[in-house]
Each structure stands twice: as structure tokens, then as C-alpha cells.
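# Observations on the three-dimensional arrangement
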Amino acid sequence: MNRTSDKFQEMRDQQLTRGMRAAAIMGFFTLACSLFRGWLVGWHDIMFLHICIYLIILAAALLDRHLSFSIRAAVIVSVSFVLGMASLITWGFGAFSLPALFCFCILSTIFFGYKGGILSCIVSVGAIGAVGAGVYAEILKYEYNAAIHLNSPVTWLVVLLETVSFAGIMVVVLGTLHRQSEDLAYDLEEQNSALAERNRALEREIAERIRAEEERQKLTTRLQAAEKMELVGTLAGGVAHDLNNILGGIVGYPDLLLEELPEQSPLRNTVETIRKSGIKAAAIVNDMLTLARRRIESTEVLNLNSVVSEYCASPEFETLKQFHPTVEVDSRLDPQLMNISGSPFHLSKVLMNLVSNAAEAMSGGGRILITTENRKVAEDKGGHEEIQEGSYAVLCIADSGTGIPAEDLKHIFEPFYSKKKMGRSGTGLGMAVVWGTVKDHKGYIHVSSIEGKGTTFTLYFPSTMEQAAPARIPYSKTDLRGRGESILVVDDVPEQREIASRILTGLGYSVQTVSSGEEAVEHLKTASVDLLVLDMLMEPGIDGLETYRRIATSHPGQKAIIITGYAGTDRIGEALRIGVGCCVKKPFLVDDIGLAVRAELDWRAVGNDQAPGRWN
């Protein structure tokens, strides 16, 4: 606003300065002509007034830098009025009295605003009326010979120059006003453009702040979800070791009994039921450990098509179809699907959870479609989370079930958030395990659901150009048999030592047991064994990693495997790096420990110089 006022003031000052300079120049020539006329036709007293006025204008024009705007404006406005009055008194309407008074009104309006213009009009009208009254009362009389003046060429020249003077002043002032009005309009347009740009910048800033706030809320939500996962993981990790030691007897002993019971024994079904119950309990603990560990200890190059095909041929899938006979499961797999790096066991568990949930969402029957495809993603802003740019192998599970309500959709990956009846159709950990496993594979999940129409889970896994490993060779019970190799079992839990000892002895190995890492170190100072079976966590003494380190100093290349009921840790990873062959999770079956022992003994027996480092 101040800038606009300054611009107006600058315009008026320039108009005044140019008008006064034009008046001074043209007035000088007019004065010369007037003097020349006086020499030809005689002197007139009005010439003194003209000379004084022209000198005043000339002085004001020359001293414009030293005089204020108000003084210069008053000078040129007053000159116009005095010239008009002098001409009116001297020659009446026969001279330039009316143009001069007209200029007086116009200039007053330009330089002093509409109030100055109104006042100048009143003064001009009053002056004309006063002179007219004087003429009517015969107080004022005109005594000059009009014929002499009208017939004189000099008179016409003077009138011409005087007209040019007044017209020139008006043209200069008003022309400048017009040009500067255009400049002002342009300046105002620039200001408006700048203001509009600032408004747009402000709108962008507001939008950015809104977006940042939304992003902050999303991050807060994700942090809260991660904290819940961490809490469950901490809880699971704290109890998993003890739970798995307890479950070791529930799973291990029935496995041993089944090896000894005849096929016709009526006890086989009972023992098998105990075994299956223990395995189910171990699976729940394993789900909790998945949340606790939040990383995949062992990965391999694989193809999602194989994961889908193996699941569809599994006993779990057959059981699902028996429980949901009205649900149709179809698959459409891309034969050109790219490989990924991951854990077949964990990915199969993800697929099983999603298909099971889809089937339970269609109590009245329906269709589940499992598809795979390659997909390149530039940047995806939709769905449950954003997907980074890259190439992905995509697994999609779509159903035509009841759908997920919007209020539940944002909670589906939270631990223990389930609409199922706890203990009957779910533990509340299935979707949390899905989320954790996908994140462990550096993947992404998108969920879309419409109530009454169905739900689609789309899983993105980063693809790789590496080739998948060859298929595993099937094994038989004979392949698990030992050949009399010596094994030392190190475990602080008596039940675990007994189970491991009985299984390995039954497989044909020579087994000895100790209850601590310190005992194992002392034992091997005077003896040697073909294989160590080490419990990872042993209290209050040294753990499996430290035990192996001490033994390896006196027995370089000692073969060993780790058995643990705890989640994968950095210490387990370190044990695998320094020479331990693999890690077996508690509770274990006969086949689990049998394969691990046989693989470790045979691995280096054929000249391999690196342990497999598997997490079974």
C-alpha cells in the first residue's frame, strides 16, 4: 500500500516538474513576443504582470530540486489563476482569460485532488461573477482598440504562442499522467502477480505441512504397530526357551514311542495325538518366535510358483479342503515368474495363513484365486503402505468372501487382533506373522477389500536374477542311520539330554552327555568326538558359542551343531560363521536331528571346507 502511494506521489511530482519546464520554455518565447508587440503597438501596464509571472515560473522550474512539491504546485496553479484574472480584467472574454481559468481548475484537480478541483471551480466562478458585476455596475470598463490588436500580425502570433503555452502545459501534464497511469497499472499488475505467487507458495507450504502431518501420523501409526510387535516379540523370546524345552518331551518322546510300538498297537493313535498336539503347540511358539526374531536366518533362491505348488500338494491343504468343501481354490501362475531370495518354510506359512483366512471368510462357499506375476513398480502411493521402485515377484490371494470392514482393515496385522474365536479357529498371530515374514523378506503388502464382495492380498517380493537351487533329494530312514560315530550332547536340561541321547543312540551313534559347556571343554581335553550337539543357552555357565570357541582352540575343525529353543540371535549367527554346521530348533523330531547330524558328519567328510550354516 505504501509503495502504491509513493508511486502516485512520484507521478504527480514528475507531471508538475515537466509542466513547469514546458511553461518556462514556452513562456520565455511568449514574453519575447509580448515585448516585441509592446515595441510595435505600445506598452501596456499588464506587461509588468506578465514579466513577473514568467520570471516566477522560470525560477520555480530552475529550482525544482530545492522546492517542495506543494510550493511548485501552488506556483503553477496560482500563475494560471493570475493570468486568467489579469486577462479577464484587462480584455474581458476577448483574450485567453477563460482557457487560463480552465487550466487553473484542471491543474488544481491534478495536483491537489478532487477537493482542490472543487475549490478552484468555486474560485473561478466567483472571480468571473465579480468581474461581471463590476462591468455591470460600470466600475470596470474596457478601454482598448480591439481593431488594432486584431489586425496586428504580432497579436495573432502572441495569441498563437500563448495558446501553445497553455495547450502544451495541459498536453505535457495529461500525457505524462496517462503514460504514468499505464506504468502504475503495470506496476500494480506486477504486485498482484507477486502477491498471487506468494499466495500459491503459501498454498504449497500449507499443502506440504498437511502432507507432512499426514506422513507423521502414518509414521506414528507404524511406530505404534512396530512397538506392539516388539512387545510381543520380547514376550515370546522370554518364554520360548522354557516352552520349547517343555515341548521337547511332548514331541520327542512320542516320536521315540512310535518307533518302538508295533503297527497294530492300540496305543499308537493316543501317542500320535500327543505328538500332533505338541507339534501344534510348537508351531504357535514358532509363530511367536517369528515375531520375536524379525529376521530370516537362512534364505535361498526360490520361485514362488514352487511354494504355491508345494502348498497345494501338502496335507495342510487337503485338511483345509475337507473343512471347507464348498470353497474352490484355483491358481494362475506365471511360468516366467522371476526368482526371489527367501525362506520356503516361512513363505509357505504365509500362504497357508492367507488361504486359511480366505476360506473362513466364505462360510457359504466361494472361490479363492492364487496368482503370481512379475511387476515393475515406479512408485506406488496406494494400499496399506508405499512400495519402493524396483522389480518384484508378486503373489496375490483373492477371495469372494465377506470382506473386511474399514474399521478392522487398519488393525489386521496387529498381534492378537482377530475376529475369530480364540482357541477354536485362530490364535490372533497369523496375520502378524504374515506381516513380519513379508517385512523380513524386504517385501510389501497391499490389501484391498470391499464388504460383501471379497478381499485381495497382494504381496510384493524383490526379484533376483540368481538361479534357484536344485530340488532336494528325498531321503529314507536308512539315510539317517549312524555308523557308530561318537557324539557328545551338551545341554543343561536333563530331559533334553535324555531325549537327544535316546534318539541318536537309536539311530546308531555312540552318545555321551554332559550338563554344561565347562564340562564339555574338560571332557575334550582328554578325549575326542566326531560331533558336538550344543545347546545354545545354558545357565548359569557359558553358552554354546563360547563352548565351541574354547573347544575349537584345541580341536580345530571340530564338527558341531547347535540346538536351541530360543529365537535366532547374533550369537547363533557368529557360531555358524566360526564353524558350527547348522542350527536345529526345539522341539525337534527324530528326522530333524537325524538329518542335521548326518548332514554335518557327511558334509566335511567329502572335502567341503565350509559348513552349510543352515537354520532348520
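Overview of the structure. Since we're looking at a predicted model, the values are computed, not measured.

## Let's talk about the overall build of the protein
Scanning the protein for helices and strands turns up 17 helices and 13 strands. With 616 residues in all, the protein has 43% of them scored as buried. Taking the contacts inside the protein whose residues are at least 6 apart along the sequence as the reference set, 75% of them involve residues at least 24 apart. Summing over all exposed atoms, the protein offers an accessible surface of approximately 32,800 Å²; the carbon and sulfur share of this is 59%.

## Thoughts on the nonpolar core
Judged by nonpolar contacts, the single largest core of 35 residues is most densely connected at Ile368, Ile445, Phe457 and Leu459. Secondary structure elements with two or more residues in this core: helix H8 (304-312), helix H9 (315-323), helix H10 (344-360), strand E4 (366-377), strand E5 (390-399), helix H12 (430-440), strand E6 (444-450) and strand E7 (454-464). Here this core gets seven residues from one element, more than from any other, and that element is H10. If we ignore the near neighbours within four places in the chain, the residues touching Leu459 are Val350, Leu354, Ala393, Val394, Leu395, Val438, Tyr444 and Ile445. With 23 residues, the next largest nonpolar core counts Leu507, Val511, Val533 and Leu601 among its residues.

## Considering the packing of aromatic side chains
What characterises a pair of aromatic rings is the spacing of the ring centres plus the angle enclosed by the ring planes. What the rule picks out here adds up to three aromatic pairs. Ring centres 6.0 Å apart and planes at 75 degrees place the aromatic pair Tyr392 and Tyr444 in the edge-to-face group. One end of the pair, Tyr392, is in strand E5; the other, Tyr444, is in strand E6, and 52 residues separate them in sequence. The class for Tyr392 is buried, based on a relative accessible area of 5%. Judged by centre distance (5.9 Å) and plane angle (90 degrees), the rings of Tyr392 and Tyr460 are edge-to-face. In this pair, Tyr392 sits in strand E5 while Tyr460 sits in strand E7, placing the two residues 68 residues apart along the sequence. With respect to burial, Tyr392 and Tyr460 carry one shared label: buried. One aromatic cluster is present, formed by Tyr392, Tyr444 and Tyr460 through successive ring pairs.

## Focus on the side chain of Asp334
Structurally, Asp334 is set in the loop between strand E2 (327-332) and strand E3 (339-342). Of the side chains bearing the opposite charge, Arg332 lies closest to the buried Asp334, which forms no salt bridge; the N-O distance is 9.6 Å. If sequence neighbours within four positions are ignored, Asp334 has contacts with Asn305, Thr372, Glu373 and Asn374.

## Regarding unusual backbone geometry
The omega angle of the peptide bond from Glu539 to Pro540 is 5 degrees, so this bond is cis rather than trans. Of note, the bond from Lys586 into Pro587 is cis; its omega dihedral lies within 30 degrees of zero at -10 degrees. With respect to the helices, strands and loops of the structure, Pro587 is situated in the loop between strand E12 (582-585) and helix H17 (590-605). For Lys442, which is not glycine, the phi torsion reads 60 degrees and is therefore positive.

## Observations concerning the pairing of E3
Inspection of the sheet shows strand E1 (residues 300-302) paired to E3 by three bridges, in the antiparallel sense. Counterpart to Glu300 in the pairing with E3 is Gly342.

## Overview of the packing of H8 against H10
For any two helices packed against each other, the geometry comes down to the angle between their axes and how far apart the axes lie. Here H8 crosses H10 at 60 degrees, and the two axes come no closer than 10 Å. Judged by the angle between their axes, H8 and H10 are oblique. Helix-helix and strand crossings are classified by hand; for H8 and H10 the assignment is right-handed. In this structure, H8 uses Leu304, Val307, Val308 and Tyr311 to contact H10, whose residues at the interface are Leu347, Ser348, Leu351, Met352 and Val355. Residue composition of the contact of H8 with H10, by class: eight nonpolar, one polar and no charged.

## Let's talk about H12
Across the eleven residues that make up H12, a large majority, nine, are buried. Buried within H12 we find Met431, Ala432, Val433, Val434, Trp435, Gly436, Thr437, Val438 and Asp440. Of the residues one or two after H12, Lys442 is the one with positive phi, at around 60 degrees.

## Description of the pattern of salt bridges
Here the structure, examined in full by the defined rule, presents 20 salt bridges. Residues Asp543 and Arg571 are paired through a salt bridge, measuring 2.7 Å at the closest nitrogen-oxygen approach. One end of the pair, Asp543, is in the loop between strand E10 (531-535) and helix H15 (544-554); the other, Arg571, is in helix H16 (residues 570-578), with 28 residues separating them in the sequence. Residue classification places Arg571 among the partly exposed positions, given a relative accessible area of 38%. Salt-bridge contacts for Arg550 lead to Glu546; the nearest nitrogen and oxygen are separated by 3.1 Å. Of this pair, Arg550 and Glu546 both sit in helix H15, four residues apart, which is roughly one turn of the helix. In this structure Arg550 comes out as partly exposed when scored by relative accessible area, which is 39%. Where salt bridges share partners, they join Glu546, Arg549, Arg550, Glu574 and Arg577 into one cluster.

## Topic: the environment of Ile562
For Ile562, the position within the fold is in strand E11 (residues 560-564). A sequence separation of 17 residues divides Ile562 from Leu545, and the C-alpha atoms of the two residues are 8.7 Å apart. Aside from chain neighbours lying at most four places away, what touches Ile562 is Leu534, Met536, Gly544, Ala575, Val580, Cys582, Cys583 and Val584.

## Points about a nonpolar patch on the surface
Residues Leu202, Ile206 and Ile210 make up a contiguous nonpolar surface patch of about 270 Å² in total accessible area. Tracing the backbone shows Ile206 in helix H6 (residues 153-260). By relative accessible area, which is 45% here, Ile206 ends up partly exposed.

## What to know about the packing of H10 against H12
Close contact between H10 and H12 brings their axes to 9 Å; oriented N to C, the two are set at 140 degrees. If you check the angle between H10 and H12, you find them oblique. At the point where H10 passes H12, the crossing takes the left-handed sense. Between H10 and H12, the residues in contact are His346, Val350, Asn353, Leu354 and Asn357 and Gly430, Met431, Val433, Val434 and Thr437, respectively.

## As for the pairing of E6
Regular strands have side chains that alternate between both faces of the sheet. In this sheet, E7 lies alongside E6 in antiparallel orientation, the contact comprising seven bridges. Across the sheet, the residue bridging to Ser448 is Thr456, located in E7. Connecting the antiparallel pair E6 and E7 is a turn made up of three residues, with Gly452 showing a positive phi of about 85 degrees.

Thresholds, definitions, all that
- Residues numbered from 1 in each chain as written.
- Predicted model: local features only at pLDDT ≥ 70, side-chain atom pairs only at ≥ 80, totals over all residues.
- Heavy atoms only, no water.
- Helix = DSSP H or I, 4+ residues; strand = E, 2+ residues; numbered from the N terminus.
- Buried < 20%, exposed > 50% of the residue type's maximum accessible area, 1.4 Å probe, protein only.
- Contact = heavy atoms within 4.5 Å.
- Areas by Shrake-Rupley, 256 points an atom, 1.4 Å probe, with all protein chains shown as cover.
- Core = buried A, V, L, I, M, F, W, Y, C linked by side-chain atoms within 4.5 Å.
- Phe/Tyr/Trp six-rings, centres within 6.5 Å; stacked < 30°, edge-to-face > 60°.
- Lys, Arg positive; Asp, Glu negative; His and termini not counted.
- Salt bridge = Lys/Arg side-chain N within 4 Å of Asp/Glu carboxyl O.
- Pairing = 2+ DSSP bridges.
- Axes fitted to C-alpha atoms, helices over the stretch in contact; angles between N-to-C directions.
- Parallel < 35°, antiparallel > 145°, perpendicular 65-115°, else oblique.
- Left-handed = near helix turned anticlockwise from the far one by under 90°.
- Nonpolar A, V, L, I, M, F, W, Y, C, P; charged D, E, K, R; others polar.
- Patch = residues over 30% accessible without salt bridge, like charges linked within 9 Å, V, L, I, M, F, W, Y side chains within 5 Å.

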